[in-house]
Every structure is written in C-alpha cells, then in structure tokens.
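Architecture at a glance
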Amino acid sequence: MDNTSSWPLHGTAPETYEQYIVPAWMGAWTDTLIERAGIRPGDRILDVACGTGVVARRAAQLVGASGSVMGFDADRNMLETARKFADKESLASIEWHFGDVAFIPVETERCDVVICQQGLQFFPEKQKALEEMSRVLVPGGRLALSVWRSIDRCPFFATLAEIIGNYIGAESTRAFYSSCSLSDREELRKLLSNAGFNNIEIRLEVQMARFPSLDEFLPGYISVFPFAHQIAEMAGDKREKMLAEIMNSLLIFSDDCGLATPMESHIITAWKNGSDGQAAPL
Ligand SMILES: C[S@@+](CC[C@H](N)C(=O)[O-])C[C@H]1O[C@@H](n2cnc3c(N)ncnc32)[C@H](O)[C@@H]1O
C-alpha cells in the first residue's frame, strides 16, 4: 500500500517555507527586525542565513538604487529559491552567496548593516559567526539579529515537538528545540561583546503568528522539516491518529481566523566599534 498517497508533502522545503512560514510569521518578524536595523537609502546590507531571502528582499526595497543587498546561506536550495522569488519581484540586483557562516565570502568592511533573522542559534560556531559578521561591517556599522526565546515561550513549537516526537522519535524533532536554544540574554550579550560589538540592546518582542486555516497550515508547515518523510511513510491509520492528536492540541492556538499563536523573540541590535576602537555613538 502506498502510505504517502493520502498525506500531502508540499513541494520543495524552501518553496513550502515561503508558502507557509513566511506569511504565518517570518514576514511580520522581518518588518520588526528591519525597523530595528534602521536601514537607510544607500546602505550596503548583508543578510546572513538568508534562507529564501525574505529579509534581503525587504531590505532591497529600502536601500534603493544607491544601496546594495547580499544574501548568504549554507543551503543551495534555499539560495536558488531566494533568487527565484527576488527575480519575481524584480529585485535581480540582490547578490546571493553560498557558504558557511564561519567563513563569510565577503570582503572585510564591505557592509553598513548585517542582519540575521533566526539564524544564530543554528550555527555550530556562534562566536566565530559573530566575528565574521563584525569583520564584514565597516567601523561603526550596525548589526540586527533575532533569536526565538526558550521553547516554553513558543508553545506552538513545544506542542508539535512533543507529539511528533512521541510518534517518530525525539531526535527527529530536535529542530524545534534548536530553534529555541539561544535565549539567555547574558550569553547573547557576551557573544556579541566578545565579537567587538557595543551598545548592545536585547529587546523582547511578542507577536501573534497567523494563518487563515490551521487545517491547511499543518501539513504544509510539517512538509518543511526533514522528518516529514518519516510521517509520509507512517502507516496511514497511525499518521491519522497523530495528526488528529496534533490538531486537537493546537486548537488552543487558533481563533475564528485560523492559526493564532503567540511567539516570543529577542531582537538584538548592536554597533561595531568605531575605527578608534571606541563604541559607536547611538
Ligand atoms: C530558520 S532559517 C531562517 C532563514 C531566514 N533568515 C528567514 O528569516 O526566513 C535558518 C537558516 O540558517 C541557515 N544556516 C544554518 N546553518 C548555517 C551556517 N552554518 N552557515 C550559513 N547559513 C546557515 C539555514 O540554511 C537556513 O536557511
């Protein structure tokens, strides 16, 4: 029996990310992060761990023709999708670069602003990553990044991780926990300070994630994760039982308008020390 036929795996992971996660929450969080970054026309921007390029595209609209935007990621499929969506929005001037954040392939002091939305917590070498972000910034340049708070402050992730983990093994759902693994403000402050940043501000923000239909959102969202294939290969009745259990548990995260769940993130802004080694003025 073909167990996968009754359960939809949606498109490629990056396309599904754009279709479900960007409208549900990443788009709104992008607005917040971009606002905190204080992007101005003419700025030269690097979007680190750009994924499908939601931040880079928004930044490109703000910097105008006198500025420039680069997106950078370690996943070629993400970058391909980013390029495709940017072309669709006539933002072909964005440059896309592939590589690991421990060695950003961008020349020293090339950027006025570095942005990294929900990337830092996934990097194995966080200190090196921040040192690289500092290296590519001009003296006095600005950094804006975001990381989710702990998983108990993002109950939607916690609910999915627990139920799916019970069915297919906790290891498979580790992505939810690593998303929320860098929430300690003092740890964040120390990492940034050691990388040469000053005027560090760690700001707590809460936003509602929304999507018009929870029924539609759930299989689409799950399709983004590597464990989606394990779910597609489950016996049909077991999968139905698991999905029903998830839907039931997620009802508290819905209202008359569909999915509605609070998410908490730290939004961090900082300045690279000026050329005299002193903190940049606010
Ligand atoms: C949750 S996604 C965030 C994507 C994007 N910033 C957004 O706001 O939608 C995390 C991204 O980090 C990238 N990433 C993870 N480890 C990386 C590394 N070591 N170097 C560069 N990118 C990395 C992944 O490929 C993925 O695109």
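Treat the numbers as computed from the prediction; the structure is a model and nothing was measured.

**Things to note about unusual backbone geometry**
The phi angle at E109 is positive, at roughly 55°, despite the residue not being glycine. The class of E109 is partly exposed, set by a relative accessible area of 39%. A positive phi angle, near 50°, is found at N199, a position not held by glycine. Along the chain, the position of N199 falls in strand β6 (residues 197–211).

**Re the side chain of E264**
Within the fold, E264 resides in strand β8 (residues 258–272). Accessibility expressed as a relative area gives 10% for E264, which makes it buried. One polar contact links E264 to R149, side chain to side chain, over a distance of 2.5 Å. A distance of 3.1 Å separates polar atoms of two side chains, one belonging to E264 and the other to R153. Setting aside anything within four residues of it in sequence, one finds E264 in contact with W148, R149, R153, C154, L204, E205 and V206.

**Observations concerning the site of the ligand**
Surrounding the ligand, one finds 17 residues, the nearest of these being Y17, A49, D73, V101 and Q117. Here D73 contributes a side-chain N or O atom positioned 2.6 Å from an oxygen atom of the ligand. At 3.1 Å, a backbone N or O of V101 approaches a nitrogen atom of the ligand. In the complex, the protein chains occlude 87% of the 600 Å² of accessible area that the ligand would expose alone. Spatially, the ligand is embedded in the largest pocket. Partitioning the shell around the ligand into residue classes produces 10 nonpolar, four polar and three charged.

Cut-offs applied
- Residues numbered from 1 in each chain as written.
- Predicted model: local features only at pLDDT ≥ 70, side-chain atom pairs only at ≥ 80, totals over all residues.
- Heavy atoms only, no water.
- Buried < 20%, exposed > 50% of the residue type's maximum accessible area, 1.4 Å probe, protein only.
- Helix = DSSP H or I, 4+ residues; strand = E, 2+ residues; numbered from the N terminus.
- Polar contact = N/O pair within 3.5 Å; in protein donor to acceptor, adjacent residues only side chain to side chain.
- Contact = heavy atoms within 4.5 Å.
- Near = heavy atom within 4 Å.
- Areas by Shrake-Rupley, 256 points an atom, 1.4 Å probe, with all protein chains shown as cover.
- 1 Å grid on protein atoms, 1.4 Å probe; cavity = no way out; pocket = protein on both sides within 12 Å on 5 of 7 lines; lining within 4 Å.
- Sits in = over half its atoms within 2 Å of the grid points.
- Nonpolar A, V, L, I, M, F, W, Y, C, P; charged D, E, K, R; others polar.

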